[in-house]
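Structural features, examined
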Amino acid sequence: MIDERTIREFFEAMSRQDLAGLEARLHPAARFEFPKTRPLEGRDEILRFFRILFRRYPELVFTVRGTVVQGRRAAAHWSNAGRARDGAPYGNEGVTLLESDGASITWLSDFFKDTGKF
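Residues numbered from 1 in each chain as written. Predicted model: local features only at pLDDT ≥ 70, side-chain atom pairs only at ≥ 80, totals over all residues. Heavy atoms only, no water.

1. Brief notes about the side chain of glutamate 45
Short version of the rule: For the purposes of this entry, the term helix denotes a DSSP run of H or I that reaches at least four residues, the term strand denotes a run of E that reaches at least two, and both are numbered from the N terminus. Partly exposed residues are those whose accessible area sits between 20% and 50% of the maximum for their type, while under 20% is buried and over 50% is exposed, using a 1.4 Å probe and protein chains only.
Position of glutamate 45 among the secondary structure elements: in helix H3 (residues 43–56). Classification of glutamate 45 by relative accessible area gives buried; the value is 15%.

This is the structure in structure tokens:
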């Protein structure tokens, strides 16, 4: 089962760029489907992706606007705002679908409004 607290903690860890916090919430065999990339397989590959994302956007704060939880599956509606490495402002809005085995996140899939920035 997944709960709203786990979802919010995951997005708070992203806002802090806390790789250890993300690692603690991801299953070792987690899968992440992100627009315009092949699926990322395994926690280590997902964390590598986040390292690259955080270098590209050293300031990026997520706000969870709402969640829907149904057993081991959930959806989180979020917005984010920040600055790219070159100082340009950035913002987006989307939904992340999540699945959990009860102890950690096993699957994520992102959908967002502006994919042109990636």
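2. Observations regarding the nonpolar core
Going by this rule: Only buried Ala, Val, Leu, Ile, Met, Phe, Trp, Tyr and Cys residues count toward a nonpolar core, and they belong to the same one when joined by side-chain atoms within 4.5 Å. In this description, contact between two residues means that some pair of their heavy atoms is separated by no more than 4.5 Å.
Within the largest apolar cluster, 31 residues are counted, with the highest numbers of intra-cluster contacts made by Phe10, Phe11, Leu22, Leu26, Phe32, Phe50 and Leu98. Within the residue set of this core, elements represented by two or more residues are helix H1 (4–16), strand E1 (26–33), H3, strand E3 (59–70), strand E4 (73–83), strand E5 (89–100) and strand E6 (105–112). Considering every element that reaches this core, the biggest residue donor is H3, with 6 residues. Aside from chain neighbours lying at most four places away, what touches leucine 26 is Phe10, Arg43, Ile46, Leu47, Ser104, Ile105 and Leu108.

Just geometry here; none of it tells us what the structure is for.
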